[in-house]
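Tertiary structure, described
The lines below spell out each chain.
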Amino acid sequence: MPKLTIDGREIDVEPGTTILQAADRLGIEIPRFCYHERLAIAGNCRMCLVEVEKVPKPVASCAMPVADGMVVQTNTPVVRKARQGVMEFLLVNHPLDCPICDQGGECDLQDQAMAYGSDRSRYEETKRAQPDKDYGPLIATHMTRCIQCTRCIRFAAEIAGTPVLGGLGRGEHLEVTRYVGETVSSELSGNLIDLCPVGALTNKPASFRYRSWELRRTETVDAMDGLGAAIRVDSRGNEVIRVLPRINEDINEEWLGDRSRFACDGLKRQRLDRPYVRKDGKLTPATWPEAFAAIAARLTGLEGSAIAAIAGDQADAETMAATKDLLAALGSLHLDCRQDGAALDPTVRASYLFNSTIAGIEQADALLLIGTNPRIEAPVLNARLRKRWLEHGLAAAAIGPKADLTFAHDWLGDSPALLTELAEGRHPFLATLKAAKHPALIIGQGALARDDGAVLLGLARRIAESAGMVREDWNGFNVLHTAAARVGGLDLGFVPGPGGRDTKAIIAGAASGAVKVLFLLGADEIEMGALGDAFVVYLGSHGDAGAHRADVILPGAAYTEKDATYVNTEGRVQRTRRAVFPPGEAKEDWRVIRALSEVLGHTVPFDSLDQIRARLTNLNPLFGHPGSLERALWEPFGRPGATDDRPLASILDSYYMTDPISRASTTMAACVAAFGGGCNHHKAGHHA
Amino acid sequence: MSDSPAEPAAFAFTAESAEQARAFIARYPIGRQQSAVMPLLDLAQRQEGWVSRAAIEAIADMLGMAPIQVEEVATFYTMYNRRPVGRFHVQICTNLPCMLRGSDAVLDSVRETLGIGIGETTADGLFTLSEAECLGACVNAPVIQINDDYYEDLDAASTRAVLEALGRGETPKTGSQTGRQTSCPAGGPTTLTSPAAATERA
Ligand code: SF4
Ligand code: FES
Ligand code: FES
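Going by the annotation in an unreviewed UniProt entry, the name recorded for chain B is NADH dehydrogenase subunit E, with Magnetospirillum fulvum given as the source organism. Regarding chain B, the UniProt comment filed under Catalytic activity (unreviewed entry) reads as follows: "a quinone + NADH + 5 H(+)(in) = a quinol + NAD(+) + 4 H(+)(out)". According to the UniProt record, the Sequence similarities (unreviewed entry) comment for chain B reads "Belongs to the complex I 24 kDa subunit family."

Where an unreviewed UniProt entry is consulted, chain A appears under the name NADH-quinone oxidoreductase, with the organism given as Magnetospirillum fulvum. UniProt, in the comment section headed Function (unreviewed entry), describes chain A in these words: "NDH-1 shuttles electrons from NADH, via FMN and iron-sulfur (Fe-S) centers, to quinones in the respiratory chain. Couples the redox reaction to proton translocation (for every two electrons transferred, four hydrogen ions are translocated across the cytoplasmic membrane), and thus conserves the redox energy in a proton gradient." Under the UniProt heading Sequence similarities (unreviewed entry), the entry covering chain A gives this text: "Belongs to the complex I 75 kDa subunit family."

Listed below in structure tokens is the structure:
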């Protein structure tokens, strides 16, 4: 291993490491614009110049691999002078519009100009200006500010797999732009804003609405999909201004999907900010006691068997635990957290987890996708699959929707019969899986939320077993969830008790009159028209489908407004933190259930967050270990039987609008108008 | 970098160019076909006189590249024309050595003879005038390049003569217009002039 000295400190690094990377490891800061640790090295900004002994000129440290015995100086008069020169050139054409630039206060150029810039300019000619580009409803461009670092071009091509950006022309005329007629519509496009070191690409929906130093930052976890990416919610007063990713190498590295980032305007729209009670067929504003009284009145004299509850996609674990206890006290066993009716088996944890783990999927060398389009179901995960494919190759095949996944794969078809063929060893792709060191499969909710879901789940298990996906050191059987609530609900047992009704039976019961009172915990994606005369109590944050059908509305908190527990698709217990307060009279959901239970005379025994969390741990000890992962036991699951002919599809038909928050978001509506459902770039070359 | 109003809807290589394109692609190892992008752009330009968007997309498709990546190459090199040019593309060098040696007069002569300015094409579609950066022949400055040929050591009169000859359909002599051989010293040899030195070496 080469040993080198940087500023008098010695370090051993792997061959191929660059000087800048070695310096980073020592904590020696070298300024940079074009270099980014997750992108290919470009070496075009020259800000990272350092002196190397015996080399006549300063060298670009980001592009220079270390050599044994190298002696590097990062802070000499020559280095400073060279960087000042680079800075002076960068500023030649950069506008002096920091006071009106959204990047102000968090701009690399601004920061580094503090260290290397001059307080006056020697440049007296006219500055170059560039026309702005149309990057769609998410990204505002101010191309005159662009310093041509090419980070955005590299991200679009390498990470997102949508090579639509490029630099046209040369020298002073170089313009970074998108290809004529293409949209910048990768589901990961918001990351371009974070990567751009200057204010050339900024957050369009939040344009001119904040100065970065006014914002309060709350580190929390995303609940807009099943991954649970690490995020930072920036708020001012009681308003969420923007959402940014935080680094979590285990889940999202440092990326975030566009829905998770940009749907935040939906947190302010269509909000339920006070209770409502339906009077003479009309929802009328009510007080909390009135709403509770209406529920209590309806429940009087009802058998437990006439009461049921369904939890939606963003229900938190605390609320589900409280509701489960309340229903038990009322004598009901009819509860389900699978509002889409997915055939997830709560008794075998391995059957509903992403067992390889999200980071672990990068080890997979062969992959079968079943009824899923990871690009719209979990774009950040899809970026990992692409990364694996780019860096080490990935023999991938898909049974289900035909889509451009940004990595090469064989589309085998969309017939469930293919799964039978694979399970019975009659399909050639099984040999590919068997030959792989770390074979894996990903089964989506599109394959499970169907009448034959349990059969397909069983077939997937057989494929996993016969391909050697499940062993001591590796479990490549992966279920991809799109709902943040799902795994938590299964883990704490928000599923029918013995003889209880599941989602389908609850809805049938409501239609037939057997179920008379139905609690919906933010469940908006069920067939509201099929609920017959049931008395519906909706606890949730938005005036979406459930609220429209409700007889009583109890206003709850969105994921940015509560300290809540979610379990992600790989089974990791994570906690959100409250960034802002719920609007109006809305309350944290579990507290609503707690208050209601008291009115109903069945007080659930928790008065504090600690107590309800203790109850969670008591329901499943896993809840006591946030952040960690535990390998789930492999036991038989799935049901034998016939598959039906319906083609396998993704559970989502659009990326941008999937839940009450994103449906309320005008930004997401603008994305649908501009981009359609996602996955669209037509002239992006081959992924071959 | 806007499109030309003349952008055609489609582009296809002629059988002959397609054959050549295949040969260019075959020069590079499998998986490295992208290396053929420059010769292919040149082929397209030789066929059509310029590189249209349709040609960019056709080449991108042949090489498995994104069109933007081909366009980056096509716009980086000034030798690729992103707009149609006349039959004779007159590229005049106005960089420092040429300027010191009289390129201003050469430029004026072109303007006068053809009646067009930089970036323009004659009404008969025969000539287009462009300004070029150093053409790498400073030793014979001032220089203009017309299609694949260089005309050097120009002055106003010789420039007019060359252009008029082309206009008449003749083929003027290329290279130095003052008669010197390639870039030999203009006034005859300046070294190895004494016979003694020559014999000593022999
Ligand atoms: S737009 Fe931003 S990221 Fe892209 S090249 Fe310009 S400065 Fe770099
Ligand atoms: S960071 Fe090294 S050249 Fe840009
Ligand atoms: S300056 Fe004209 S050829 Fe070099």
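Of the regular secondary structure elements, chain A holds 21 helices and 28 strands. Taking 688 residues into account, the globule formula puts the C-alpha radius of gyration at 26 Å, and chain A, at 27 Å, falls close to it. For chain A, the spread of C-alpha atoms along the three principal axes comes to 90 × 60 × 50 Å. Split into buried and exposed, the 688 residues of chain A put 61% on the buried side.

Moving on, we come to unusual backbone geometry. Where the residue is not glycine, phi is negative for most of them; where a peptide bond is considered, it is trans in most cases. That bond from Ala141 of chain B to Pro142 of chain B is cis: its omega, -5°, falls within 30 degrees of zero. Note on placement: Pro142 of chain B falls in the loop between β2 (127–132) and β3 (144–146). Unlike most non-glycine residues, Thr150 of chain A shows phi in positive territory, near 70°. By secondary structure assignment, the location of Thr150 of chain A is in the loop between β6 (139–141) and α4 (151–159).

For the rest of this paragraph, the subject is the UniProt feature "domain: 4Fe-4S Mo/W bis-MGD-type" (unreviewed entry) in chain A. In the numbering used here, UniProt assigns the "domain: 4Fe-4S Mo/W bis-MGD-type" (unreviewed entry) feature to residues 215–271 of chain A. Helix makes up 9% of residues 215–271 of chain A and strand 35%, and the two end C-alpha atoms of the span are 23 Å apart.

This part takes up helix α4 (residues 67–76) of chain B. Counting buried positions along α4 of chain B yields seven of ten residues, so the element is predominantly enclosed. Among all positions in α4 of chain B, only Pro67, Ile68, Val70, Glu71, Val73, Ala74 and Thr75 of chain B are buried.

So, on to the environment of Val221 of chain A. All names here are of chain A. For Val221, the location among the structural elements is in strand β10 (residues 216–221). A relative accessible area of 7% places Val221 in the buried class. As for Val221 and Pro416, which are separated by 195 residues in sequence, their C-alpha atoms are 35 Å apart. Sequence-distant contacts of Val221, defined by excluding residues within four places in its chain, comprise Gly228, Ala229, Ile231, Tyr559, Gln574, Arg575 and Thr576.

To continue, consider the interface of chain B and chain A. Chain B puts 17 residues into the contact, and the matching count from chain A is 19 residues. For the pair chain B and chain A, the summed buried surface comes to about 1400 Å²; carbon and sulfur atoms form 61% of the total. Taken together, the links from chain B to chain A amount to zero salt bridges. Connecting chain B to chain A are five residue pairs in polar contact (both at pLDDT 80 or more).

A few words now on the sheet that holds strand β17 (residues 366–370) of chain A. All names here are of chain A. Taking strand neighbours across the sheet as the criterion, the five strands line up as β19-β18-β17-β20-β23 in an open arrangement whose pairing is parallel. At either margin of the open sheet sits one strand with a lone partner, and together these are β19 (410–413) and β23 (477–480). Pairs of neighbouring strands in the sheet enclose a mean axial angle of 20°, with direction left out of account. One ladder, built from three bridges, connects strand β18 (residues 395–399) with β19; its direction is parallel. Counterpart to Ala398 in the pairing with β19 is Trp411. Most of the contacts of helix α14 (residues 453–466) go to strand β20 (residues 439–444), to which it runs at about 175°, and overall it touches β17, β20 and β23.

What follows deals with the environment of Met668 of chain A. Residue and element names in this part refer to chain A. Tracing the backbone shows Met668 in helix α21 (residues 666–675). Measuring from C-alpha to C-alpha, the distance between Met668 and Pro137 comes to 8.8 Å, with 531 residues separating the pair along the chain. Not counting chain neighbours up to four residues away, the residues in contact with Met668 comprise Asp258, Arg259, Phe262, Ala263, Tyr656, Met657 and Ser662.

On to the UniProt feature "binding site: [2Fe-2S] cluster" (unreviewed entry) in chain B, then. All names here are of chain B. Mapped onto this numbering, the UniProt entry annotates "binding site: [2Fe-2S] cluster" (unreviewed entry) at Cys93, Cys98, Cys134 and Cys138. These annotated residues cover 46 residues of sequence, and their C-alpha atoms all fall within 9.3 Å of one another, placing them together at a single site. Within the secondary structure layout, Cys134 lies in the loop between β2 and β3. Judged by its relative accessible area of 40%, Cys134 falls in the partly exposed class. If we ignore the near neighbours within four places in the chain, the residues touching Cys134 are Cys93 and Asn95. Along the chain, Cys138 turns up in the loop between β2 and β3. A residue is classified by how much of its surface remains accessible, and Cys138, at 34% relative accessible area, is partly exposed.

The next point concerns the pairing of strand β2 (residues 9–12) of chain A. Residue and element names in this part refer to chain A. Sheet topology places strand β1 (residues 3–6) next to β2; four bridges connect them, and they run antiparallel. Counted as the bridge partner of Leu4 is Ile11 from β2. Hairpin connection of β1 to β2: two residues between the antiparallel strands, including Asp7 at a positive phi of 50°.

Thresholds, definitions, all that
Residues numbered from 1 in each chain as written. Chains lettered and ligands numbered in written order. Predicted model: local features only at pLDDT ≥ 70, side-chain atom pairs only at ≥ 80, totals over all residues. Heavy atoms only, no water. UniProt positions renumbered as here; feature names shortened; annotations may be inferred. Helix = DSSP H or I, 4+ residues; strand = E, 2+ residues; numbered from the N terminus. Rg over C-alpha atoms; globule rule 2.2 N^0.38 Å. Buried < 20%, exposed > 50% of the residue type's maximum accessible area, 1.4 Å probe, protein only. Contact = heavy atoms within 4.5 Å. Buried area = accessible area lost by both parts, 1.4 Å probe. Salt bridge = Lys/Arg side-chain N within 4 Å of Asp/Glu carboxyl O. Polar contact = N/O pair within 3.5 Å; in protein donor to acceptor, adjacent residues only side chain to side chain. Pairing = 2+ DSSP bridges. Axes fitted to C-alpha atoms, helices over the stretch in contact; angles between N-to-C directions.

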